[in-house]
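This is what each chain is made of:
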Amino acid sequence: MRRREFITLIGGAAAAWPLAVRAQQPAMPVIGFLNGASPAGYAPMVASFHQGLKETGYVEAQNVTIEYRWADGRYDRLPPMATDLVRRQVAVIVSNSPGMPAAKAATTTIPIVFTTSGDPVNLGFVASLNRPGGNMTGVTQLNVEVAPKRLELMHEVVPTATIMAALLNPAYPSAETQLRDLQAAARSLGLQLHVLRASNARDVDGAFTTLAQLRAGALVISSDPFLNSRTEQLAALALRDAVPTIFQYREFVAAGGLMSYGGSVMDSYRQAGVYTGRILKGERPADLPVQQTTKVELLLNLKTAKALGLTIPITLLGRADEVIE
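What comes next is a walk through the structure. (Residues numbered from 1 in each chain as written. Predicted model: local features only at pLDDT ≥ 70, side-chain atom pairs only at ≥ 80, totals over all residues. Heavy atoms only, no water.)

Right, let's get into the overall build of the chain. Helix and strand counts for the chain stand at 13 helices and 13 strands. Along the first, second and third principal axes, the C-alpha set of the chain runs to 100 × 40 × 35 Å. The buried share among the 325 residues of the chain stands at 50%. Pairs at least 24 residues apart make up 70% of the contacts formed inside the chain by residues separated by at least 6 positions. For the chain, the accessible surface area stands at approximately 15100 Å², while carbon and sulfur atoms represent 53% of it. Distance between charge centroids for the chain: 6 Å, based on 30 positive and 26 negative side chains. (Helix = DSSP H or I, 4+ residues; strand = E, 2+ residues; numbered from the N terminus. Buried < 20%, exposed > 50% of the residue type's maximum accessible area, 1.4 Å probe, protein only. Contact = heavy atoms within 4.5 Å. Areas by Shrake-Rupley, 256 points an atom, 1.4 Å probe, with all protein chains shown as cover. Lys, Arg positive; Asp, Glu negative; His and termini not counted. Charge placed at Lys NZ, Arg CZ, Asp CG, Glu CD.)

Encoded structure:
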């Protein structure tokens, strides 16, 4: 072999070597992130999910890829989105409640990590909280279960009101459960409860138009990912129409809403990130008990209360976890 041919051969082998090494490296796992809301409204939750992943050693674009699918409040989009994620053979699917029926129908083998405000056993996601079984586990804030408490808290703030309203998304899996519980609570408090429904931004505007016609003394907003993503719109409309309103999340009060009472959604997404990372490392969903957000927080906005001409009872102020002035 001539010297020039030998150098060419060695040079070609050296150039090919990095390609061969890269080909032998395992591909990054892919997470399918399925959500019924919009990316703008859920940016804080996604950041919390990333934090949970990081706690288990995973960082997006470094050693894990995330395929996002957002339904923007149109839950009918979720089934084809779930099917697409399964077709792409993602390693794990992470879904909130609206996406769970679609994810469950799309696969029985790909692990699924859910976040929900309802009871995952009653919703049919898992067999039990301690022993989920199958390919699913996740986190619940149990915000559906505290919905009647929100009505009671609002009754404390406006005790003279005899007519109240509830806003819910009829497309949400737990909508009927929340409505049933709210109606029972209203009867026990001697209140007349009007039900308003909204599943898109236009519906929300229309609901507040109807609310003004009903002359309701207060509004309770039910748990739902779409409504969660409209927090600022809901707070602005409630303030504009001078309607005392309670929702489930701190962000509502920070945006100008009067009150919030519920479990931490941010923490539930962080915990979902931790579970996703553990599954990527080889643990089985069936062996991971469903986590429950244990802390339920009451927040009050005294600036909004003053604007509405309300005096918050001292007993309620003493129970508040945080007061915004």
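A few words on the sheet that holds strand β7 (residues 192-197). One open sheet accounts for seven strands, arranged β7-β6-β8-β9-β10-β12-β13; its pairing is mixed. In this open sheet, the two edge strands, each paired with only one partner strand, are β7 and β13 (322-324). Here the average twist between neighbouring strands, direction ignored, is 20°. (Pairing = 2+ DSSP bridges. Axes fitted to C-alpha atoms, helices over the stretch in contact; angles between N-to-C directions.)

Let us now look at the sheet that holds strand β4 (residues 112-116). Strands sit in the order β2-β1-β3-β4-β5-β11 across an open sheet of six strands; the sheet is parallel. Since the sheet does not close on itself, it has two edges, and those belong to β2 (65-70) and β11 (291-292), each with one partner. Taken together, the four bridges between strand β1 (residues 30-35) and strand β3 (residues 92-96) define a ladder with parallel strand orientation. Bridge assignment links leucine 34 to a residue of β3, and that residue is serine 95.

Structurally, serine 268 is set in helix α11 (residues 265-280). Here serine 268 falls in the buried class, since its relative accessible area comes to 0%. For serine 268, the side chain forms a polar contact with the side chain of glutamine 141, separated by 3.0 Å. (Polar contact = N/O pair within 3.5 Å; in protein donor to acceptor, adjacent residues only side chain to side chain.)

Quick look at helix α9 (residues 231-240) now. Those residues of α9 that sit buried are Thr231, Gln233, Leu234, Ala235, Leu237 and Ala238. Check the buried side of α9 and you find it contacts β6 (163-168), α7 (201-214), β8 (219-221), α8 (225-229), β9 (245-247) and α10 (250-254). Within two residues after α9, alanine 242 carries a phi angle of roughly 55°, on the positive side.

Position of serine 260 relative to the elements: it lies in strand β10 (residues 259-263). Of note is the side chain of serine 260, whose polar atom sits 3.5 Å from the backbone oxygen of tyrosine 249.

Moving on, we come to the pattern of salt bridges. What the rule picks out here adds up to 14 salt bridges. Among the salt bridges present, the one from glutamate 67 reaches arginine 69, with a minimum N-O distance of 3.1 Å. We classify glutamate 67 as partly exposed; its relative accessible area is 24%. Judged by its relative accessible area of 14%, arginine 69 falls in the buried class. Measuring nitrogen to oxygen at the nearest pair gives 3.9 Å for the salt bridge that ties arginine 74 to aspartate 76. A relative accessible area of 55% places aspartate 76 in the exposed class. Connected through shared salt-bridge partners, Glu67, Arg69, Asp84, Arg87 and Arg88 make up one network. (Salt bridge = Lys/Arg side-chain N within 4 Å of Asp/Glu carboxyl O.)

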